[in-house]
Structures are given as structure tokens and as C-alpha cells.
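# Breakdown of the fold
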Amino acid sequence: MALTFRSPTSFLSGVDSGKPHKAVDTDLPPISVALGSTRAGRRVRAKVISAEAVAPVEPRTAERFHRNGGPCSGARGPGCDRRVPVYVMLPLDTVGMCGGLARARALGASMMALRSAGVEGVMVDVWWGVVERAGPGRYDWEAYGELVRMAERHGLKLQMVMSFHHVPLPPWVIEEMNQNPDIMYTDQSGRRNPEYISLGCDTLPVLRGRTPIQVYSEYMQSFRDKFKDYLGNVIDEIQVGMGPCGELRYPSYPESNGIWKYPGIGEFQCYDKYMMASLKAAAAAAGHEEWGRSGPHDTGHYKQFPEETGFFRREGTWNTEYGNFFLEWYSNKLLEHGDDILAAAEGIFRGSGAKLSAKVAGIHWHFKTRSHAAELTAGYYNTRHHDGYLPIARMLAKRGAVMNFTCMEMRDDQQPGHANCSPELLVRQVKEAAKEASAELAGENALERYDEAAFSQVLATSGADEGIGLSAFTYLRMNKKLFEGENWRHFVAFVKGMTEGGRSVSLPRSDWGHSDLYVGSVIGDRKNKDKFVAAL
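An unreviewed UniProt entry lists the protein under the name Beta-amylase, with Dendrobium catenatum given as the organism. Turning to the protein, the UniProt annotation filed under Catalytic activity (unreviewed entry) states: "Hydrolysis of (1->4)-alpha-D-glucosidic linkages in polysaccharides so as to remove successive maltose units from the non-reducing ends of the chains." Under the UniProt heading Sequence similarities (unreviewed entry), the entry covering the protein gives this text: "Belongs to the glycosyl hydrolase 14 family."

### Some words on the overall build of the protein
When helices and strands are counted, the protein shows 13 helices and 13 strands. Among the 536 residues that make up the protein, the fraction classed as buried is 60%. Within the protein, contacts between residues separated by at least 24 positions form 78% of all contacts whose residues are at least 6 apart in sequence. Per element, the accessible surface of the protein, about 20500 Å² overall, is 48% carbon and sulfur.

### Things to note about the UniProt feature "active site" (unreviewed entry) in the protein
Mapped onto this structure's residue numbering, the UniProt feature "active site" (unreviewed entry) falls at E247 and E444. Maximum C-alpha separation among the annotated residues is 12.3 Å over a sequence range of 198 residues, consistent with a single clustered spot. Structurally, E247 can be placed in the loop between β8 (235-240) and α6 (273-285). Mapped onto the fold, E444 is located in strand β11 (residues 441-444). Within polar-contact distance, the side chain of E444 engages the side chain of K359 at 2.9 Å.

### Here's the deal with unusual backbone geometry
Here V167 and P168 are connected by a cis peptide whose omega angle stands at 20 degrees. When you line up the elements, P168 lands in the loop between β5 (157-163) and α4 (171-179). In this model, L476 is joined to R477 through a cis peptide bond whose omega is 5 degrees. Position of R477 among the secondary structure elements: in the loop between β12 (473-475) and α12 (485-499).

### As for the packing of aromatic side chains
Applying the stated criterion across every chain yields a total of 41 aromatic pairs. Centre to centre, the rings of Y253 and W365 are 5.4 Å apart; their planes meet at 85 degrees, and the pair counts as edge-to-face. Taken together, the positions of Y253 in the loop between β8 and α6 and W365 in the loop between β9 (355-360) and α8 (373-378) put the pair 112 residues apart, joining distant regions of the chain. Ring plane angle 35 degrees and centroid distance 5.8 Å describe the contact between F455 and Y475, whose orientation is recorded as tilted. In this pair, F455 is assigned in helix α11 (residues 452-462) and Y475 in strand β12, connecting sequence segments 20 residues apart. Among the residues examined, F455 registers a relative accessible area of 5% and is labelled buried. Note on Y475: relative accessible area 1%, which makes it buried.

### Topic: the packing of α11 against α12
Any two packed helices are characterised by how steeply their axes cross, that is the angle between the axes, and by the distance between the axes. Look at α11 against α12: their axes get within 10 Å of each other, and the N-to-C directions meet at 10 degrees. With respect to α12, the element α11 is oriented roughly parallel. Contacts between α11 and α12 involve E452, F455, V458, L459 and S462 on the former and, on the latter, R489, H490, F491, F494, G497 and M498.

### So, the packing of α6 against helix α7 (residues 321-349)
Put simply, α6 and α7 touch, their axes get as near as 11 Å, and they point 130 degrees apart. When the axes of α6 and α7 are compared, the pair comes out oblique. The handedness of the crossing between α6 and α7 comes out as right-handed. Contacts between α6 and α7 involve M275, S278, L279, A282 and A283 from the former and F325, F326, W329 and K333 from the latter. Looking at the contact of α6 with α7 residue by residue, the class counts come to seven nonpolar, one polar and one charged.

### What about the sheet that holds β12?
Overall, parallel pairing links the eight strands, which are arranged β3-β4-β5-β8-β9-β10-β11-β12 in a closed barrel. Put simply, the sheet's adjacent strands are angled 30 degrees from each other on average, direction ignored. Here two bridges tie β11 to β12, and the two strands are oriented parallel to one another. The residue bridging E444 from the neighbouring strand is T474, located in β12.

Rules and cut-offs
Residues numbered from 1 in each chain as written. Predicted model: local features only at pLDDT ≥ 70, side-chain atom pairs only at ≥ 80, totals over all residues. Heavy atoms only, no water. UniProt positions renumbered as here; feature names shortened; annotations may be inferred. Helix = DSSP H or I, 4+ residues; strand = E, 2+ residues; numbered from the N terminus. Buried < 20%, exposed > 50% of the residue type's maximum accessible area, 1.4 Å probe, protein only. Contact = heavy atoms within 4.5 Å. Areas by Shrake-Rupley, 256 points an atom, 1.4 Å probe, with all protein chains shown as cover. Polar contact = N/O pair within 3.5 Å; in protein donor to acceptor, adjacent residues only side chain to side chain. Phe/Tyr/Trp six-rings, centres within 6.5 Å; stacked < 30°, edge-to-face > 60°. Axes fitted to C-alpha atoms, helices over the stretch in contact; angles between N-to-C directions. Parallel < 35°, antiparallel > 145°, perpendicular 65-115°, else oblique. Left-handed = near helix turned anticlockwise from the far one by under 90°. Nonpolar A, V, L, I, M, F, W, Y, C, P; charged D, E, K, R; others polar. Pairing = 2+ DSSP bridges.

Here it is, written out as C-alpha cells:
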């Protein structure tokens, strides 16, 4: 018996554009599910998948990671459970701009496959621009309610991301931006970035009488009230968005319109009037009013390299008294922003049973230079002489939030030499910072990868080689390529390896070559596709 579900393809592939070198999201494809029989004469119903459906994997153990500060969170010793649960990110447009759940039947079939492979759960963006699109305080949770119930039916957990960045933003917020452009991040040339509201106005009533922190808080309160019966069971994690792509950082390397190109150093984002007022006050407090008149003048441009600038070169301005002042101010503003939002989230979700998390970007290019220029412009004061990740880890630990870090699949020898990359050293530093701060650490891959080498690197990284292992791993991303034969085999083996404590696992061909469940792509329905575009 075969069931074929048709659905349109993605039309929001650009919403992740601020993320460096992340493959274009092809999103969830139309799904073809072939359901045969597990043994001769016995049918498998569409609503039930046996253990043999994809590849035989061990059932989930009753023993789970200790949640919310338990003895196995953070640094895990040899006596702790080494199991690392795997989650999978859903397509960016799982919930469309008009609030509907896209391709629901195909999504359900894919969830069945993921569950059979031993996946713990899925991650989904809960878009501010979709939920509060009708006006301030008018929330539409219907599509997300449908998604939560679907995940529950399939036995999957949910990581739900409070996504306050561009998808686009709510129409009424965009109106405010048009009237007051200074609520957008601004670079030294006066170029505005509409992806996320500038943290310079976090505590100012710039959104129709409410501050951004109030708006984010009321959004999360409404979410809590709507889904209180699912928090701590189906919804086991709330990731709090804090910047572009949901990450705690400044939008220093925007890829849209060719403004930035990898591996450029990016630019500081502190030139809106609210950030400049803060800088002026900080300079006066430091006894150097002249330092508050503008940002650094010798930082170069988005696409340049460190040695092409006065600020970031080997013995540049970054390593002076002024450079230290500016970088401390710039990074502390980001830390305060993260702490303020997490403080609100901590109060809202306290006692719900759902853990909090926050995402930190894996900016690995120019890591081998003294100044770490690309990290500095993003707000991470991490140089040859200064640890930029320990303060972040301490802030997250204080709020009981998991530190979710990217680029876990990358190896140094896979990077271009001219970019001075070292994702492996970066991950090691972050793991050490998490250990010292007693912060729980989780991971993601930064690029869309399906090969055994990438999965093997994650398996190696997930171990406690620096005294801290990963508490969870979220795979980017569910789309038609993931379910293709060889890719699916690698993924199933990877999930099995993570659930067995980081062991490399190779499944015998008999375990995957003749599966009763096949998930693949079919030709899309052009008519439905056109209707979906028109609806947007």
C-alpha cells in the first residue's frame, strides 16, 4: 500500500540568510510513504510503525538526562548517563506567514520516520512575526497548537524557539521601524538592519508604549498560558531568541544584498542613536568623553581581513586602552541584553518543567588571529588575551539556561587556509568555559551535512574529553535530502551512536536497505505552490 502526500515547496528560504555558510534550506518535501508488511500476511497500518520500520534501534531507555540542574547536567562525570538525545530542526516555514501549519500530512509522515530512527524530538521556530502579526497583544497560536498535538501523537519532544527575528517581523513593528529607523541596528555607514530590534532601546517604550523587553515577555507569557499543559512533557525546552537568527549576537555579518561575504570581518553595529547615547555615557563615566563621540574609525568594512584595518591588525587598536574600553562596552551591552530577556523568561517558565536555552554563534573564521575580528564585531570579546565565552556561560548558568553552540560538525582541515579558521579550537574553548561556569552545553551543526565525516565529528565532540559532554544535539535540518537512502542511513547510524554514548555505529545493510517505510520526494504540485505564494 502506498500513500502519497503532495505539498508545495518552501518560499521562505531567505529567512536564515544572516547565518554564515548555512546551506539554503530546501525544507520539507512532498512525501511518499510506502507501507508494506513486516512479515508475510501481516499489514502495517498507516498510523503504526513497527520497530523495523526504518532501522532497528534500541528503544529509549527509561533513564533520562537529569533535567533542570540535576547531577548530570553541565559537566558530566564518568558515572553519569552518556546518552545524548538528538533533535531535528523542522523547516523554517513549518508554520506559514498566514499562520497555518504547512504540509501537515507530509510532516506527520516525516515525524513517524524520525521517531522510528530513535530521534528524541524536533525543534521549531515560533515566529513573532506570525503569532503577533494582527496587532500588539493579539496572538494566534492555532498552528503551533496543532504542531504540539502532532508531536505528542508521534511520541516526540519539542524544542520551541521564541524567534523574535526577521521572518519578517510583525507588520506593526515594521511600521514603527519606518517611523523611527533608530530602533534598527545601524553600521558606521548609516546602513540599517531590520532583522532584529536594536538592543540599545531594550528598556525604552518604542513599540507603541511598550519596551522590547516587555513585548518579548508578554509574548512568552501568552505562550506559557496557551501551552501550560504541555510544558515539561511534550515541550521540554524553550529556546529564547536574542538576536539575528535567534542567536545572542549583533548582526555583524549580513549576507543579504552582498553586504558581507565570508570570511569578512564584519562591522560593529552601534551607530543608532540609542547605542550611541549609551556609548557616550560610558565614555564620560570612564573619564574619556572623546571616546563617546563615535565608534572606532579604523575598523574597515564588512568584507575586509584583519590586517587590512588599523583596528584588527596584529598590533592594532583592539589591543589599546581605548580598544579595551570599547570592546568591553560593546560586549557588555550584549550580555545585559541576554540577561534581561532570560531573567524575564526564567520568571515566566519557572516551575513549568521546561528547560531554558540560548543559542551562541560559532564564529570560527579569523579565530587563529590575535584579534579574532569576526567574533569582536559580533559582540564576543574574545581575543588572544581575553576570554569572550566565559562571561556568556556564566550569565546563562546564572539563569539556569543551556548554552546551545553551533559548528559542532566542523574540522579545521576542512576550512580554507586564508580564513584562519579553527572551529575545533573554538568548540574546545566553549566547552572549557561551560565547564568552568557549570553551564549545561548542547550543540548544533552549522552547515547542512549528511556525510559520515560530519556525523563522526559530532560524535567525537559530544564526548566529555574536556570534562564536559553535550546534554543534547539538534540536527540542522529536516528536508528531502535527509530522507534520501545513503543520507538516511548515515543519519540513523548517527542517532544510534549518540544514544549509545558517542559510539560510532555502522548499521548493516540488512537493517536499512529494505525498510518498510520509505520517505522520499515526488514531483511538487505547481498549482498549490502558486496558491501558497499568493497567500504570502
